[in-house]
Amino acid sequence: MTFYRTTRLMLSSAAILSFASSAFALDGNDLLKKINDAYALQGGSVAAQSIDVSGTTVTLKGVTINAAGTPDGVKVGDITLTGVAEAGGGYTIDQIAFPNVATTKDDVTIAASDLKLSGVEIPADATKGDLDSLLLYKTAHAGSVSFTKDGTQVFSFTNADATMSKRADKSGLDFNANVDGIKADLSKVDDPQTKEAINQLDLQQLSGRIAMKGSWEIAPGKIDITEYSLDFKDVGKLNIALSLSGYTPAFAKSLQDTLKTVRSNPNQQDAQQSAGLAMLGLLQQLTFNSAQIRFDDSSITSRALEFAGKQQGVSGKQLADTLKAMTPIMMAQLNIPELQNAVSAAVSAYLDNPKSLTVKASPDKPVPLPMIIGAAMGAPQSIPQVIGLKVSSND
C-alpha cells in the first residue's frame, strides 16, 4: 500500500508539473507580435516563417526584416532568443543572436559576424508614450564587418558596440556607441581626377573610429548628442554636438506616420507636397538648445593646401595667404561686422597654425526651430544673434 500511495503521489506530481509547464509555456507568436508593435513605431517589421519554443529559448526561423524606407525585406535566416521571460505583459530577453551575414550583390560582398543584442526589453504596450513603451536593449554588438568588391576589401571594421541605460527614475536614458578598427581602401578608385586627389592627399588607406554619446529625456523630448565624432589617422577628428527639445515619443510617432504616408502614396509629387506641410507643422514642436561643430587637424589641412595650391600654380603657403585675404571680403557680404571679424580672425589663425576650428551656436535661451527658419528666410543677417553663433580656432 505504501508503494502504491508513493507511486500515485509521484504520478500526480508529474501530471501537475506537466500541466504547469504547458500552462506557462512561452507564446512565441505573442512575443513576435509585441516585437512588431514596438518596431512598427520605427517604421519596420519582422516576419518569421515559423517559431520554435523550447523552455526559455525562442527561435524565429526564416526571418525577414523590413526596415523603414526599404521596399524589399532583408532575409537574415534564424534568430535565437535566449533567456526569454514574460514581464508585466511584455517580455525580457537575455540575448538575441543573429546569424552571420555573407551575401553578394553586384560584385559586392558583405560579411558580418557575432551580431547580438543583450538585456532586451519588449514592451507590453508600445503606444503609452513613456519609457516602458519602448523597445530597449542594454548592449548591442557586432564583430568584424567587411565590404569586398571584385575580390578587394574596400571597407571594414573590427567591432561595433553600443550601450543603452535607463535612468533610475525612468525620466530618460543614456546611450553611447563606438565603431573601432575602421579601414577604408581608396587606392582602387577608378576616376582619374579623384584618384589623383587621393594620392596627393595621401588618403589611399584610411583608418580610424566613430563614436557617439548622448541622452534622451522623455517628457520634454530633450535629445543631447554630446559627441558624434569621426576620427581618422593623419586626417583629423570631426565632432558634432547637438541639443534639441520636443522630440518626444509622440513626435517620433507622428514623424513616422508622415513618412509612411509619403511612401504609400503612388503620386509622389502630391505626397511630397503634403509631407512638406506636415513637416512644417511638426517642426513647430522642436526647440533648438545648442550645437557645435569642431575639427581637430591631424595634418590633412597642410596637405589640402599644397594640393589645391598646386592646381593653381602656387604653394600651399601662398594659397593660405590668399584665403586669409579673401575671407573678410567674402564675409562682408553678409553685413554682420561682429561675425565677419570673428570668422576672419579664426580662419587666419587656423591657416597659420592648423590645430582646431570650432563653430558653436549657444543662444541665451532655447529658440523655437520655426523662429530660426523664419530668420534664415527673412533676415539671414540676424541668425548669428538668434542662435548665439561663435567661431574660434586653436582653442
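Conventions used here
Residues numbered from 1 in each chain as written. Predicted model: local features only at pLDDT ≥ 70, side-chain atom pairs only at ≥ 80, totals over all residues. Heavy atoms only, no water. Helix = DSSP H or I, 4+ residues; strand = E, 2+ residues; numbered from the N terminus. Rg over C-alpha atoms; globule rule 2.2 N^0.38 Å. Buried < 20%, exposed > 50% of the residue type's maximum accessible area, 1.4 Å probe, protein only. Contact = heavy atoms within 4.5 Å. Axes fitted to C-alpha atoms, helices over the stretch in contact; angles between N-to-C directions. Parallel < 35°, antiparallel > 145°, perpendicular 65-115°, else oblique. Nonpolar A, V, L, I, M, F, W, Y, C, P; charged D, E, K, R; others polar. Phe/Tyr/Trp six-rings, centres within 6.5 Å; stacked < 30°, edge-to-face > 60°. Pairing = 2+ DSSP bridges. pLDDT = per-residue confidence, 0-100. Salt bridge = Lys/Arg side-chain N within 4 Å of Asp/Glu carboxyl O. Arc of directions from axis to C-beta. Patch = residues over 30% accessible without salt bridge, like charges linked within 9 Å, V, L, I, M, F, W, Y side chains within 5 Å. Areas by Shrake-Rupley, 256 points an atom, 1.4 Å probe, with all protein chains shown as cover. Core = buried A, V, L, I, M, F, W, Y, C linked by side-chain atoms within 4.5 Å.

Trainee: Please provide a residue-by-residue account of the overall build of the chain, values included.
Mentor: A tally of helices and strands in the chain yields 10 helices and 20 strands. For 395 residues, the compact-globule estimate of 2.2 N^0.38 gives 21 Å, and the C-alpha radius of gyration of the chain, at 28 Å, exceeds that figure by more than 25%. Along the longest, intermediate and shortest principal axes, the C-alpha atoms of the chain span 110 × 50 × 45 Å. The proportion of buried residues among the 395 residues of the chain is 32%. For the chain, the share of sequence-separated contacts (at least 6 apart) that also reach a separation of at least 24 residues comes to 54%.

Trainee: Just give me the short version of the packing of helix α6 (residues 300-311) against helix α7 (residues 316-332), but keep the residues and values in it.
Mentor: For the pair α6 and α7, the least separation of the axes is 7 Å and the interaxial angle reads 90°. Considered as vectors, α6 and α7 are oriented roughly perpendicular to each other. Only G316, K317, L319, A320 and L323 of α7 make contact with α6, whose side of the interface consists of L305, E306, A308 and G309. Looking at the contact of α6 with α7, its residues break down into five nonpolar, two polar and two charged.

Trainee: Describe the packing of aromatic side chains, listing the residues and the values that go with them.
Mentor: For the coordinates displayed, the defined rule picks out four aromatic pairs. Both rings, one in W216 and one in Y247, keep their centres 6.3 Å apart while their planes meet at 65°; by these two values the pair is edge-to-face. With W216 in strand β14 (residues 205-217) and Y247 in the loop between β16 (236-245) and α4 (249-264), the pair connects residues that are 31 residues apart, well separated along the chain. On the basis of relative accessible area, W216 is assigned to the buried category, the value being 13%. Taking relative accessible area as the criterion, Y247 reaches 28% and is therefore assigned partly exposed.

Trainee: Before we move on, can you summarise the pairing of strand β13 (residues 172-185) with the specific residues and values?
Mentor: Pairing of strand β11 (residues 152-157) with β13 involves two bridges; the strand directions are antiparallel. Bridge assignment links S156 to a residue of β13, and that residue is K183. In terms of strand pairing, strand β12 (residues 159-166) meets β13 through eight bridges, oriented antiparallel. The partner of N159 across the bridge, within β13, is D180. Where β12 folds back onto β13 in an antiparallel hairpin, the turn is made up of five residues, including K170, whose phi is positive at roughly 60°. Strand direction decides the pairing type here: β13 and β14, joined by 12 bridges, are antiparallel. By the bridge assignment, D174 is partnered in β14 with S215.

Trainee: Residue-level account of unusual backbone geometry, with values.
Mentor: Peptide bonds are mostly trans, and most non-glycine residues show a negative phi. Located in the positive-phi region is D114, a residue other than glycine, with phi close to 55°. For D114, the position within the fold is in the loop between β7 (108-112) and β8 (115-122).

Trainee: Go over the environment of P249, please, and point to the residues and values.
Mentor: Take P249: it is sitting in helix α4. Judged by relative accessible area, P249 falls into the buried class, the value being 16%. The sequence separation of P249 and K128 amounts to 121 residues, and the corresponding C-alpha distance is 9.0 Å.

Trainee: Please give an account of the confidence of the model for the chain that cites residues and values.
Mentor: Across the chain, the average pLDDT comes to 88, with 91% of residues at or above 70. At the level of individual helices and strands, the chain shows its lowest average pLDDT in helix α1 (residues 2-23), which scores 39, and its highest in β16, which scores 98. Below a pLDDT of 50 lies the segment residues 1-23, which in the model reaches zero contacts outside its immediate sequence neighbourhood of four places, other chains included.

Trainee: So what about the packing of α7 against helix α8 (residues 337-352)? Which residues, and what values?
Mentor: The geometry of α7 relative to α8 is characterised by a closest axis approach of 9 Å and an angle of 170° between their N-to-C directions. In terms of their interaxial angle, α7 and α8 are classed as roughly antiparallel. Contacts between α7 and α8 involve A320, L323, K324, T327, P328, M331 and A332 from the first element and L339, Q340, V343, S344, V347, S348, L351 and D352 from the second. The class makeup of the residues in the contact of α7 with α8 is nine nonpolar, four polar and two charged.

Trainee: Account for the pattern of salt bridges, naming residues and giving values.
Mentor: Close approach of charged atoms allows side chains with opposite charge to pair. Counted by the stated rule, this structure contains 16 salt bridges. A salt bridge links D132 to K166; its shortest N-O distance comes to 3.8 Å. In this pair, D132 sits in the loop between β8 and β9 (139-142) while K166 sits in strand β12, placing the two residues 34 residues apart along the sequence. With a relative accessible area of 34%, D132 lands in the partly exposed category. You can call K166 partly exposed: its relative accessible area is 32%.

Trainee: Break down helix α9 (residues 369-378) for me, with residues and values.
Mentor: Along an α-helix, a turn takes 3.6 residues, which lines up residues three or four apart on a common side. Burial in α9 covers these residues: L369, I372 and A375. Down the axis of α9, the sector holding all buried residues measures 125°, keeping them to one side. Seen from the buried face of α9, the exposed residues on the opposite side, beyond 90 degrees, are M377 and G378.

Trainee: Break down a nonpolar patch on the surface for me, citing the residues and quoting the values.
Mentor: A cluster of nonpolar side chains, namely Y228, L238, I240, I293 and V359, defines an oily patch on the protein surface of about 380 Å² accessible area. Locating L238 in the fold gives a position in strand β16.

Trainee: So what about the nonpolar core? Which residues, and what values?
Mentor: Side chains of nonpolar character tend, in soluble globular proteins, to be buried together. Membership of the largest hydrophobic core comes to 17 residues, with the highest contact counts inside it found for L31, V58, L60, L81, V84, I93 and I122. When contributions to this core are tallied by element, the ones reaching two or more residues are α2 (28-39), β3 (57-66), β4 (74-87), β5 (90-98) and β8. With four residues, α2 is the largest single contributor of residues to this core. Leave out the neighbours within four places in its chain, and I93 touches L31, L81, T82, G83, V84, G119, V120 and I122. With 16 residues, the next largest nonpolar core counts A142, V145, L206 and V235 among its residues.

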